[in-house]
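Summary of the model geometry
The primary structure of each chain is shown beneath.
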Amino acid sequence: PYGSFSPRSSGAPRSPDFPRLTVRDNVRAQVEALRLLGVRKLAFVIGGSMGGMLALEMAVTYPEWVGGLVVIAGCARHDAWQIGLNEAQ
């Protein structure tokens, strides 16, 4: 629950109306920003931890954009243990 995408961070009360955003949504926004900047392909997509998850998602969803991929301490999804640790922080 960290960052600008969290109800806790924004001060908003917990509500099912708060928009749910995914890693795919984030990558879609990144690719759109790159398009607006005139970028057509990335030589490498590099990320650690959540950035690694974003890098994996970009490589899977937009393979034509990714020349190479470097994932550091990333995973394709969180298991229950990781979710629990994140909630405890």
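Our structure is the block above this text.
What comes next is a walk through the structure. (Residues numbered from 1 in each chain as written. Predicted model: local features only at pLDDT ≥ 70, side-chain atom pairs only at ≥ 80, totals over all residues. Heavy atoms only, no water.)

Another point: the pattern of salt bridges. All chains considered together, the criterion is met by three salt bridges. Put simply, arginine 24 and glutamate 57 hold a salt bridge, and the shortest N to O gap is 2.6 Å. Remark: glutamate 57 occurs in helix H3 (residues 50-61) and arginine 24 occurs in helix H2 (residues 23-36); sequence separation between them is 33 residues. The exposure class of arginine 24 is partly exposed, given its relative accessible area of 43%. (Salt bridge = Lys/Arg side-chain N within 4 Å of Asp/Glu carboxyl O. Helix = DSSP H or I, 4+ residues; strand = E, 2+ residues; numbered from the N terminus. Buried < 20%, exposed > 50% of the residue type's maximum accessible area, 1.4 Å probe, protein only.)

Counting 10 residues, the largest nonpolar core is built from Val27, Val31, Leu34, Val45, Leu54, Ala55, Met58, Tyr62, Trp65 and Val66. Those elements that place two or more of their residues in this core are H2 and H3. The contact partners of valine 27, leaving out residues within four places of it in the chain, are Leu54, Glu57, Met58 and Tyr62. (Core = buried A, V, L, I, M, F, W, Y, C linked by side-chain atoms within 4.5 Å. Contact = heavy atoms within 4.5 Å.)

This part takes up H3. Here H3 contains 12 residues, and its C-alpha end-to-end distance of 16 Å stays within 8% of the 16 Å for a straight helix at 1.5 Å per residue. For H3, the complete set of buried residues consists of Gly52, Met53, Leu54, Ala55, Glu57 and Met58. Residues of H3 that are buried sit in contact with H2, strand S1 (45-48) and strand S2 (69-72). (Expected span 1.5 Å × (residues − 1).)

Right, let's talk about the pairing of S2 for a bit. The sheet contact formed by S1 and S2 spans four bridges and is parallel. Across the sheet, the residue bridging to glycine 47 is valine 71, located in S2. (Pairing = 2+ DSSP bridges.)

Moving on: the packing of H2 against H3. One can describe the packing of H2 onto H3 by two numbers: an axis separation of 9 Å at closest approach and a directional angle of 70 degrees. Classified by the angle their axes make, H2 and H3 are roughly perpendicular. At the point where H2 passes H3, the crossing takes the right-handed sense. Listed contacts from H3 to Val23, Arg24, Asn26, Val27, Gln30, Val31 and Leu34 of H2 are Met50, Met53, Leu54, Glu57, Met58 and Thr61. When its residues are assigned to classes, the contact of H2 with H3 shows eight nonpolar, three polar and two charged. (Axes fitted to C-alpha atoms, helices over the stretch in contact; angles between N-to-C directions. Parallel < 35°, antiparallel > 145°, perpendicular 65-115°, else oblique. Left-handed = near helix turned anticlockwise from the far one by under 90°. Nonpolar A, V, L, I, M, F, W, Y, C, P; charged D, E, K, R; others polar.)

As a further point, take unusual backbone geometry. Its identity is not glycine, yet serine 49 carries a phi of approximately 60 degrees, on the positive side. Tracing the sequence through the fold places serine 49 in the loop between S1 and H3. Residue class for serine 49 comes out partly exposed when judged on its relative accessible area of 48%. With a phi angle near 55 degrees, alanine 73 is a residue other than glycine that sits in the positive phi range. Mapped onto the secondary structure, alanine 73 falls in the loop between S2 and helix H4 (80-88).

Just geometry here; none of it tells us what the structure is for.
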